[in-house]
Amino acid sequence: KPIKRLVQQAKKIANGDYQQPIKLKDKSELGQLANEFNAMQQAVLTREQEITHRANHDSLTELPNRNILVKKLNQLIEEKVSFQIFHLNLSRLKDVNETLGHDVGDWLIQRTAARLQILSQFELLCHLGGDEFVLLFIKQDKHSIDSLAESINKKLEEHCDYRGINLQLQARM
């Protein structure tokens, strides 16, 4: 019986079911094997979650990436929901990378992400890579859109102090 349970559990794991650990109250080698199955099951689940996260999030900012944006846009289109997209490009990031180094450029991208996250009116904020960000808004009127653009610019225009160097964020939308 215990071996049949272990075989059934191995099949469940092979099919992607990691939710049911084996409960085998046995101190013998079979009990140890059941415990190892549980440990393996948890390790596989953790790795799959990490892989899924990496596939859907930018590693520099931890923001959702293009994959999440495409899924969300397809969902909104399918549901016939009105939306607006702001596509932002940071100005002069290439100059920062060339003069101060990529570490400073990365820091600037992270600061931009943090500043944009403070603006809570958006449905989704994505980092597409490099100097590109996308903010997705649901059902905004023309006045709201103008106001949002102004608040985005205002938030980004605040100075960034990097080790005594005053950097100013500017974005094209």
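To be clear, the structure that these remarks concern was listed above.
Notes on the structure in this doc start here. This structure is a prediction, so every number in the text was calculated from the model and none was measured.

**Digging into the pattern of salt bridges**
Applying the stated criterion to the full structure yields 5 salt bridges. Here Arg54 makes a salt bridge to Glu50, at a shortest N to O gap of 3.3 Å. One end of the pair, Arg54, and the other, Glu50, are both in helix α2 (residues 29-56), 4 residues apart, so they sit about a helical turn from each other. With its nearest N and O atoms 2.6 Å apart, the salt bridge here joins Glu62 to Arg54. Accessibility expressed as a relative area gives 37% for Glu62, which makes it partly exposed. Salt bridges linked by common partners bring Glu50, Arg54 and Glu62 together as one network.

**Quick word on the packing of helix α1 (residues 2-14) against α2**
Put simply, α1 and α2 touch, their axes get as near as 11 Å, and they point 10 degrees apart. The angle between the axes of α1 and α2 places the two elements in the roughly parallel class. When α1 is examined against α2, the residues Pro2, Ile3, Leu6, Gln9, Ala10 and Ile13 are found in contact with a partner set consisting of Leu30, Leu33, Ala34, Phe37, Met40 and Gln41. Residue classes in the contact of α1 with α2 are distributed as 10 nonpolar, 2 polar and no charged.

**Re the nonpolar core**
One finds Phe86, Leu88, Leu116, Phe133, Leu135 and Ile152 to be the most contacted residues of the largest nonpolar core, which totals 26 residues. Looking at this core, the elements that each hand over two or more residues are β1 (83-90), α4 (93-100), α5 (102-118), β3 (132-138), α6 (142-157) and β4 (159-162). For this core, the element with the most residues is α5, which contributes 5 residues. Leu116 has contacts with Leu88, Phe122, Leu125, Phe133, Leu135, Ile152 and Leu156, leaving out every residue within four places of it along the chain. Judged by nonpolar contacts, the second largest core, of 9 residues, contains Tyr18, Ala34, Phe37 and Leu45.

**Here's the deal with the sheet that holds β1**
In space, the 4 strands of this open sheet follow the order β2-β3-β1-β6, with antiparallel pairing throughout. Strands with a single pairing partner mark the edges of an open sheet, and in this sheet they are β2 (124-129) and β6 (171-172). Running over the sheet, helix α3 (residues 66-78) touches β1, β2 and β3 and is turned about 135 degrees from β2.

**Considering α1**
Given a rise of 1.5 Å per residue, 13 residues ought to cover 18 Å, and the 18 Å separating the end C-alpha atoms of α1 matches this to within 8%. Leu6, Gln9 and Ile13 are the residues of α1 that are buried. Seen end-on, α1 carries its buried residues on one side only, within an arc spanning 60 degrees. In α1, the exposed positions that point more than 90 degrees away from the buried face belong to Lys4, Gln8, Lys11 and Ala14. Packed against the buried residues of α1 are α2. The first or second residue beyond α1 is Gly16, which carries a positive phi of 90 degrees.

Basis of the calculations
- Residues numbered from 1 in each chain as written.
- Predicted model: local features only at pLDDT ≥ 70, side-chain atom pairs only at ≥ 80, totals over all residues.
- Heavy atoms only, no water.
- Salt bridge = Lys/Arg side-chain N within 4 Å of Asp/Glu carboxyl O.
- Helix = DSSP H or I, 4+ residues; strand = E, 2+ residues; numbered from the N terminus.
- Buried < 20%, exposed > 50% of the residue type's maximum accessible area, 1.4 Å probe, protein only.
- Axes fitted to C-alpha atoms, helices over the stretch in contact; angles between N-to-C directions.
- Parallel < 35°, antiparallel > 145°, perpendicular 65-115°, else oblique.
- Contact = heavy atoms within 4.5 Å.
- Nonpolar A, V, L, I, M, F, W, Y, C, P; charged D, E, K, R; others polar.
- Core = buried A, V, L, I, M, F, W, Y, C linked by side-chain atoms within 4.5 Å.
- Pairing = 2+ DSSP bridges.
- Expected span 1.5 Å × (residues − 1).
- Arc of directions from axis to C-beta.

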